[in-house]
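Here is how the chains run, residue by residue.
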Amino acid sequence: MKRILLIVGGGIAAYKACELIRLLRKQGHAVRCVMTEGASHFVTPMTLAALSEDKVYTTLWDLKDEAEMGHIQLSRQADLIVIAPATADLLARMAAGIADDLATTLLLATDTPVLAAPAMNVRMWDHAATRRNVATLRADGVTLLDPDEGAMACGEYGPGRLPEPVAIVAAIERLLGGQARPLAGRRVLVTAGPTHEAIDPVRYIANRSSGRQGFAIAGAIAALGAEVTLIAGPVTLATPAGVTRVDVESAQDMADAVTRALPMDAAIMVAAVADWRVAKAPHKVKKGDTPPALVLTENVDILATLAKGPDRPRLVVGFAAETQDVLPHAQAKRVRKGADWIVANDVSGDVFGGDANTVHLVTASGVESWQRMPKEAVADRLARRIAEHLDVLDTVQSSGRVSLRPDQG
Ligand code: CTP
């Protein structure tokens, strides 16, 4: 959790500050807002107060605030100051060192890092005065994002739009550095999607896995700084940013790819691996008088092989898709397969291909049931848990007090 002081400038893009606050809160950060006089004409302090769950500061002359917390403390208590939208006027006053309202006064009175996301009319952005101010501010150490290009509220087109809130959040996380990338230096393996088991050159056995949860997990883990190898069965999904993807078809291909990818610090086995394969016919099976019998052979259990093998990652996480008795089955599966954690989900509803998931994290120390949430949120939460757990394992290992057991919760 970091403390972010958000200064909202007076422009039409001020409404996007609402989404920015929401995203930052979702990332677990505390957000305190300061609005310029102009900003309060576009969004109300009440809106920002509700979203940030904190008081919103608007004026230098509120004696009660000064008694409670002076403007100096306001900026010094923050890990980062973010200005969004940073208007041409606000940038100009900052560049000149003017302190004529709460926002500019606290900007002058702080050495906390500052990130500014500009938004203004395209001609204002292009104006020589703004160019000068931007150059001055960058030279002063302010991180100033480039505005987006596109249609503007004033009807003109060009650079000047506020960068999208998600892009501002990504820039904030990069600036906050360190703790925002708690998986930096870790190697993590993720399997995802279904497998296809060929019957003949044109037919196969498959399952309903969309790969979405696994891909979201690979993306969330990479976003926390890990080097991620994603071994994907046949799916139609884009590769998440920063992820190395290996495409496979069958369970055997997946098992081989997993072996080749080792060693890893953690493995998250999300793939819905086919339990059986068919002895593949070399040519297309022709329709005859009687339907052909499919003789099934059991596939290798990739998770169990990895968890019990010599190159076992320090943290092995399996998934359990169940339609009944979810928790007892997941507990049993955790022990049987030698996984540290099982993420159990009830797939009797609309999980396959859907947006949301309800999961239970089953570890040696018990069960944690997470509320229903989007698959991306499950991924993010799991990625953070993995980061924390690897840190704990490091601490335990370096203190040398406890010997590591594979099933450590
Ligand atoms: N798994 C695997 N290799 C297999 C089968 C499953 O690695 N051949 C992994 C999955 O990626 C998942 C976990 O094992 O992490 C659980 O898979 P699941 O299909 O629920 O379990 P099964 O082994 O099929 O057990 P059951 O049929 O009793 O549900």
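Residues numbered from 1 in each chain as written. Predicted model: local features only at pLDDT ≥ 70, side-chain atom pairs only at ≥ 80, totals over all residues. Heavy atoms only, no water.

Novice: Which residues make up the overall build of the chain, and what values go with them?
Specialist: Regarding its fold elements, the chain presents 14 helices and 22 strands. Considered along the principal axes of its C-alpha atoms, the chain spans approximately 85 × 55 × 35 Å. The burial tally for the chain puts 50% of its 409 residues in the buried class. In the chain, once contacts between residues fewer than 6 apart in sequence are set aside, the share between residues at least 24 apart is 66%. In the form shown here, the chain has an accessible surface area of approximately 19,800 Å², with 53% of it arising from carbon and sulfur atoms. (Helix = DSSP H or I, 4+ residues; strand = E, 2+ residues; numbered from the N terminus. Buried < 20%, exposed > 50% of the residue type's maximum accessible area, 1.4 Å probe, protein only. Contact = heavy atoms within 4.5 Å. Areas by Shrake-Rupley, 256 points an atom, 1.4 Å probe, with all protein chains shown as cover.)

Novice: Residues and numbers for the nonpolar core, please.
Specialist: One finds Val190, Ile217, Ile221, Ile268, Leu382 and Ile386 to be the most contacted residues of the largest nonpolar core, which totals 38 residues. Mapped by element, the contributors of at least two residues to this core are β9 (187-192), α10 (212-223), β12 (227-232), β14 (266-269), β17 (315-322), β18 (341-346), β20 (359-363) and α14 (375-399). Looking at this core element by element, the count peaks at 8 residues for α14. With 31 residues, the next largest nonpolar core counts Ala14, Met35, Ala39 and Ala117 among its residues. (Core = buried A, V, L, I, M, F, W, Y, C linked by side-chain atoms within 4.5 Å.)

Novice: Residue-level account of the site of the ligand, with values.
Specialist: Around the ligand, a shell composed of 15 residues is seen, among which Met269, Ala271, Phe319, Lys333 and Lys337 lie nearest. One nitrogen or oxygen atom from the main chain of Met269 is found 2.6 Å from an oxygen atom belonging to the ligand. One of the side-chain N or O atoms of Asp275 is found 3.0 Å from an oxygen atom in the ligand. Here the ligand has 580 Å² of accessible area as a free molecule, and 78% of this is covered by the chains. (Near = heavy atom within 4 Å. Polar contact = N/O pair within 3.5 Å; in protein donor to acceptor, adjacent residues only side chain to side chain.)

Novice: Go over the packing of aromatic side chains with me, naming the residues and quoting the values.
Specialist: Applying the stated criterion to the full structure yields 0 aromatic pairs. Here the basic side chain of Lys55 rests over the ring of Tyr57, its NZ or CZ set 5.3 Å away from the ring centre. Directly above the aromatic system of Trp370 lies the positively charged group of Arg381, at a separation of 4.4 Å from the ring centroid. (Phe/Tyr/Trp six-rings, centres within 6.5 Å; stacked < 30°, edge-to-face > 60°. Lys NZ or Arg CZ within 6 Å of the ring centre and 35° of its normal.)

Novice: Hey, could you go over helix α5 (residues 88-96) for me, with residue numbers and the actual values?
Specialist: Listed in full, the buried residues belonging to α5 are Ala88, Leu90, Leu91, Arg93, Met94 and Ala95. The positive-phi residue at the C-terminal boundary of α5 is Gly97, with phi of around 75°.

Novice: Help me get a handle on the pattern of salt bridges, residues and values and all.
Specialist: For the coordinates displayed, the defined rule picks out 25 salt bridges. With a closest N to O distance of 3.0 Å, Arg22 and Glu19 form a salt bridge. Residue Arg22 and its partner Glu19 are both found in helix α1 (residues 16-26); the two are separated by 3 residues, about one turn of the helix. Looking at Glu19, the relative accessible area reads 32%, which means it is partly exposed. When salt bridges with common partners are traced through the structure, they connect Asp89, Arg93, Asp100 and Asp101 into a single cluster. (Salt bridge = Lys/Arg side-chain N within 4 Å of Asp/Glu carboxyl O.)

Novice: Run through the domain arrangement of the chain, naming residues and quoting values.
Specialist: Domain annotation of the chain identifies domain 1 (3-176) and domain 2 (187-408). Placing the centre of domain 1 and that of domain 2 at their C-alpha centroids yields a distance of 42 Å. (Domains from an automatic or database assignment.)

Novice: So what about the pairing of strand β7 (residues 148-151)? Which residues, and what values?
Specialist: Strand direction decides the pairing type here: β7 and strand β8 (residues 157-161), joined by 4 bridges, are antiparallel. Paired with Ala151 across the two strands is Tyr157, which belongs to β8. As consecutive antiparallel partners, β7 and β8 are separated by 5 residues, and within that stretch Gly155 has a phi angle of approximately 95°, a positive value. (Pairing = 2+ DSSP bridges.)

Novice: Provide a residue-level description of the sheet that holds strand β6 (residues 143-144), including the pertinent values.
Specialist: Taken together, 6 strands build an open sheet; the order of strands is β3-β2-β1-β4-β5-β6 and the sheet is parallel. A strand with exactly one partner marks an edge of an open sheet, and here the two such strands are β3 (56-57) and β6. One ladder, built from 4 bridges, connects strand β4 (residues 80-86) with strand β5 (residues 114-118); its direction is parallel. Bridge pairing in β5 links Ala86 to Pro118.

Novice: Provide a residue-level description of the environment of Asp265, including the pertinent values.
Specialist: Assignment of secondary structure puts Asp265 in the loop between α11 (251-261) and β14. Expressed as a C-alpha distance, the spacing of Asp265 and Asp311, which sit 46 residues apart in the sequence, is 9.9 Å. The residues contacting Asp265, other than those within four sequence positions of it, are Gly185, Arg186, Arg187, Pro313, Arg314, Leu315 and Leu390.

Novice: Just give me the short version of the sheet that holds strand β21 (residues 366-369), but keep the residues and values in it.
Specialist: Taking strand neighbours across the sheet as the criterion, the 8 strands line up as β13-β12-β9-β14-β17-β18-β20-β21 in an open arrangement whose pairing is mixed. For this open sheet the edge positions go to β13 (243-247) and β21, each flanked by a neighbour on one side alone. Sheet twist, expressed as the average angle between the axes of neighbouring strands with direction ignored, equals 20°. Here 6 bridges tie β9 to β12, and the two strands are oriented parallel to one another. When the bridges of β12 are listed, Ala192 appears paired with Ala232. (Axes fitted to C-alpha atoms, helices over the stretch in contact; angles between N-to-C directions.)

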